[in-house]
Amino acid sequence: AEPFILGTNDVAEEEGRRGVIWSKMLPFVLLIWALTGAFYPAVDLCVGEKERGTLETLLSSPAERREIVWGKLLTIMVFSMITSLLNLLSMSLTATFIVRQMQQIGPLALRLDLGLPPLAAMGWLLLALVPISALFSALSLALAAFARSTKEGQYYLMPLLLITMPLMMLPMLPAAELDLGNSLIPVTGLMFLLRALMEGEYT
């Protein structure tokens, strides 16, 4: 005898389900491309100018040293943000296209109602992109200032990745949650916060 029949009834809205799926991928992609997009312009703006001999001309101009540094930092930030946004757009469109093609194959295909990310999720990503681009741009500019050649400057990307990658991977652990301790970790806290906001957990 079966007095009870257990079943699963998903009462979440379609936008909420899409937010949960995208919240596990998009923050990681946003951060990794913000770092990569900031590093190479920083190397070119620091070490590249040393090798081309244009840094002396820039330093002899009426602009103050502080203004030159701020100009370089803002330029690197713009490149970092544009790189992240273009890769986010490309990934979203590609994933949507692939899932729709798989849904047309047949009943054995992977059934995921992915679609484009919710607009609220994209808004939170754009808001978080400004401080994280500033952080990675400042780190890249500081490291590139120590390099003596472009090749040496490119070698500094690996230590920076080795330091930041564990911070980006920690929020992807199944048991990891947003709490006071995790929120104080520089990159990890932002990823936890983004995941919670994209899933609609505003409290």
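Residues numbered from 1 in each chain as written. Predicted model: local features only at pLDDT ≥ 70, side-chain atom pairs only at ≥ 80, totals over all residues. Heavy atoms only, no water.

Student: Can you break down the pattern of salt bridges residue by residue, with the values?
Tutor: Proximity of charged atoms lets side chains of opposite charge pair with each other. The tally for this structure, following the rule as stated, stands at 3 salt bridges. Put simply, Arg 52 and Asp 44 hold a salt bridge, and the shortest N to O gap is 3.2 Å. Given a relative accessible area of 38%, Asp 44 falls into the partly exposed group. (Salt bridge = Lys/Arg side-chain N within 4 Å of Asp/Glu carboxyl O. Buried < 20%, exposed > 50% of the residue type's maximum accessible area, 1.4 Å probe, protein only.)

Student: Could you give me a rundown of the layout of surface pockets, with the residues and numbers involved?
Tutor: In this approach the atoms are scanned with a rolling probe the size of a water molecule, which exposes any empty space left behind. Taken as a whole, the largest pocket encloses approximately 200 Å³ of empty space. Lining the largest pocket, in full, are Leu 45, Cys 46, Lys 50, Leu 55, Leu 59, Arg 65, Ile 68, Val 69, Lys 72, Leu 141 and Ala 145. Counting only elements with at least two residues in the lining of the largest pocket, the list comes to α2 (26-52), α3 (55-59), α4 (65-103) and α5 (119-146). Of the residues forming the lining of the largest pocket, the biggest block, 4 residues, is contributed by α4. Here the residues of the lining of the largest pocket sort into 8 nonpolar, no polar and 3 charged. (1 Å grid on protein atoms, 1.4 Å probe; cavity = no way out; pocket = protein on both sides within 12 Å on 5 of 7 lines; lining within 4 Å. Points joined across faces, edges and corners; volume = space filled by probe spheres on them. Helix = DSSP H or I, 4+ residues; strand = E, 2+ residues; numbered from the N terminus. Nonpolar A, V, L, I, M, F, W, Y, C, P; charged D, E, K, R; others polar.)

Student: Break down the side chain of Thr 164 for me, with residues and values.
Tutor: Its location among the elements puts Thr 164 in helix α7 (residues 157-169). We classify Thr 164 as buried; its relative accessible area is 4%. A distance of 2.9 Å separates a polar side-chain atom of Thr 164 from the backbone oxygen of Leu 160. Look past the residues within four positions of Thr 164 in its chain and what remains in contact with it is Leu 35 and Phe 136. (Polar contact = N/O pair within 3.5 Å; in protein donor to acceptor, adjacent residues only side chain to side chain. Contact = heavy atoms within 4.5 Å.)

Student: Would you mind going over helix α9 (residues 186-198) in detail, with residue names and values included?
Tutor: Residues three or four positions apart in an α-helix share a direction because the helix packs 3.6 residues into each turn. Between its first and last C-alpha atoms α9 spans 19 Å; for 13 residues at 1.5 Å apiece the expected length is 18 Å, and the two agree. A large share of α9 lies buried, amounting to 11 of its 13 residues. Residues of α9 that are buried include every one of Val 187, Thr 188, Gly 189, Leu 190, Met 191, Phe 192, Leu 194, Arg 195, Ala 196, Leu 197 and Met 198, and no others. Backbone geometry just downstream of α9 places Gly 200 in the positive-phi region, at approximately 85°. (Expected span 1.5 Å × (residues − 1).)

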